[in-house]
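# A structural walkthrough
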Amino acid sequence: MSVAAVAGPASAFELTDDQRAIRDAAREFAAEQLAPHAVEWDQAKHFPVETLRLAGQLGMGGIYVDESVGGSGLSRFDSALIFEALAAGDPSIAAYISIHNMCAGMIDRFGTDAQRARWLPQLCSMERLASYCLTEPGAGSDAAALQTRAVRDGEDYLLTGVKQFISGGGSSDVYVVMARTGEQGAKGISTFVVEAGSPGLSFGANEKKMGWNAQPTRQVIFDGVRVPADQRLGEEGIGFRIAMTGLDGGRLSIGACSLGGAQSALDKSLGYVRERTAFGVKLSEFEALQFKLADMATELEAARLLLWRAASALDAREPAATRLCAMAKRLATDTGFAVANEALQIHGGYGYLAEYGLEKIVRDLRVHQILEGTNEIMRLIVSRSLLAE
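All values reported here derive from a predicted model rather than from experimental measurement.

## Concerning the side chain of Thr-148
Mapped onto the elements of the fold, Thr-148 is located in the loop between strand S1 (130–133) and strand S2 (149–153). A distance of 2.7 Å separates polar atoms of two side chains, one belonging to Thr-148 and the other to Glu-136. If near-sequence neighbours (up to four positions away) are discounted, Thr-148 is found in contact with Glu-136, Thr-160, Gly-161, Val-162, Lys-163, Met-178, Ala-179, Arg-180 and Phe-222.

The following block contains the structure:
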């Protein structure tokens with residue numbers, strides 16, 4: 001079953017039949033196409049491009065992109081359901097799909113009709129893959145301090161600089177790049193779409209990472225890359241706003257991926273304590289473990305409800321949406337990692353073995369507390385919003 005446009009939830013706490021069908025379709029895809037290969041892909045550092053294209057055939061390459069250019073026309077709420085379901089199969093691949101969707105969504109929202117027609121159909125089908133290029137070696141949390149520069153040269157721009165920690169770097173076909181066209185600070189930044197194969201575009205080595213091994217992470221290096229002016233998204237100087245708009249949804253998506261990975265870890269723990277015995281008694285009979293499982297499930301549900309609230313706010317473009325997205329990202333990623341780590345502890349030594357899949361989930365979810373804005377930055381966004389009221 002492919003994903004398709006649906007209405008919002010019937011209530012704040014109940015999914016529609018269509019939304020349950022979308023979630024179930026994503027769960028089925030994750031169970032059949034991701035979960036059986038997750039440990040192998042992680043160990044081999046294999047980026048499963050053909051599997052991504054299968055996801056694209058189901059409408060998962062342009063989840064919230066308009067249907068007129070090949071997207072599925074879904075809401076951010078719907079996308080949260082999809083990413084949680086996908087991450088239950090493999091958080092690393094689900095997270096890459098979320099980043100790809102963030103790029104496609106930015107082009108859909110801020111691109112001209114010509115730009116949307118040029119890039120989105122193949123991005124939505126995942127025939128072409130996309131990467132988001134904001135972070136630099138010297139500009140992480142302080143993203144507005146980026147130094148990659150785009151200098152106007154007739155009908156083109158010349159891009160020079162280095163982007164760091166880029167998911168899909170070297171494998172993607174399209175790079176959504178934030179570069180400085182004007183003064184220092186946020187107001188001097190513009191956004192460009194740079195195509196793979198452009199002269200002067202190169203990549204660093206595939207980084208050796210703690211987790212997310214099934215997707216490549218490289219520096220993306222621009223050495224006088226000539227980019228036609230018609231590949232700039234929006235006007236000069238609004239690039240930082242475009243980047244932050246993309247990140248609001250990206251934070252929801254990565255939070256959803258944390259919930260999906262953690263839910264998988266919890267499910268594994270439930271199966272383990274039902275089967276395993278100690279001192280002649282099933283682990284499920286030990287009250288201490290019952291309490292742990294109850295807390296894990298409760299905290300996941302609380303984080304999920306906040307994520308749903310933030311997604312609904314973003315769909316409605318509520319003034320508090322950015323704050324709520326930051327709250328939800330912080331809570332979901334902290335909770336997801338804590339639950340996965342607790343699940344590993346419940347499994348004891350078996351949790352530390354790769355074949356059980358728990359240690360991979362823990363490694364994959366740890367970075368969610370850092371990317372799309374660290375959780376310390378999420379606290380700053382929330383507090384500044386509160387104090388400004």
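## Some words on the pairing of strand S4 (residues 174–180)
Counting buried residues in S4 gives seven out of seven residues, a clear majority hidden from the surface. Going residue by residue along S4, you find Val-174, Val-176, Met-178 and Arg-180 tucked away on one face and Tyr-175, Val-177 and Ala-179 tucked away on the opposite face as well. Two elements, S1 and S4, share four bridges in a ladder whose sense is parallel. Each residue of the ladder has a partner; that of Ser-131, found in S4, is Tyr-175. As paired elements, S4 and strand S5 (residues 189–195) share seven bridges and run antiparallel to each other. Pairing of Tyr-175 across the sheet is with Val-194, part of S5.

## A few points about helix H11 (residues 375–388)
Relative to the 20 Å expected for 14 residues at 1.5 Å per residue, H11 spans 20 Å between its end C-alpha atoms, a close match to the ideal helical length. For H11, the complete set of buried residues consists of Asn-375, Met-378 and Val-382. The buried residues of H11 occupy one face: seen down the axis, they fall within an arc of 45°. Away from its buried face by more than 90 degrees, H11 exposes Glu-376, Arg-384, Leu-387 and Ala-388.

## Concerning the environment of Thr-148
Classification of Thr-148 by relative accessible area gives buried; the value is 1%. Linking Thr-148 and Ile-381, residues 233 residues apart in sequence, is a C-alpha distance of 25 Å.

## Some details on the environment of Phe-165
Relative to the elements of secondary structure, Phe-165 occurs in strand S3 (residues 156–167). Take Phe-165: its relative accessible area is 56%, and that puts it in the exposed class. Along the backbone, Phe-165 and Pro-319 are 154 residues apart, and their C-alpha atoms lie at a distance of 31 Å. In contact with Phe-165, other than residues within four places in its own chain, are Thr-135, Thr-217 and Arg-218.

## Some words on unusual backbone geometry
Of note in this structure, Lys-45 is not a glycine but carries a positive phi near 50°. Note on placement: Lys-45 falls in the loop between helix H2 (38–44) and helix H3 (49–57). The backbone of Met-126 shows a phi angle near 65°, a positive value even though the residue is not glycine. Relative to the elements of secondary structure, Met-126 occurs in the loop between helix H6 (113–124) and S1.

## Remarks on the pattern of salt bridges
Per the counting criterion, the structure on display carries 22 salt bridges. A salt bridge links Glu-84 to Arg-304; its shortest N-O distance comes to 2.7 Å. Taken as a pair, Glu-84 in helix H4 (residues 76–87) and Arg-304 in helix H8 (residues 287–315) lie far apart in primary sequence, 220 residues in all. Accessibility classification places Glu-84 together with Arg-304 in one group, the buried group. When the shortest N-O distance is used, the salt bridge between Glu-318 and Arg-309 registers 3.1 Å. Residue classification places Glu-318 among the partly exposed positions, given a relative accessible area of 30%. A cluster of three or more residues bridged by salt bridges with shared partners is formed by Arg-23, Asp-24 and Arg-27.

Criteria and cut-off values
Residues numbered from 1 in each chain as written. Predicted model: local features only at pLDDT ≥ 70, side-chain atom pairs only at ≥ 80, totals over all residues. Heavy atoms only, no water. Helix = DSSP H or I, 4+ residues; strand = E, 2+ residues; numbered from the N terminus. Polar contact = N/O pair within 3.5 Å; in protein donor to acceptor, adjacent residues only side chain to side chain. Contact = heavy atoms within 4.5 Å. Buried < 20%, exposed > 50% of the residue type's maximum accessible area, 1.4 Å probe, protein only. Pairing = 2+ DSSP bridges. Expected span 1.5 Å × (residues − 1). Arc of directions from axis to C-beta. Salt bridge = Lys/Arg side-chain N within 4 Å of Asp/Glu carboxyl O.

All quantities given are derived from atomic positions and should not be read as evidence of function.
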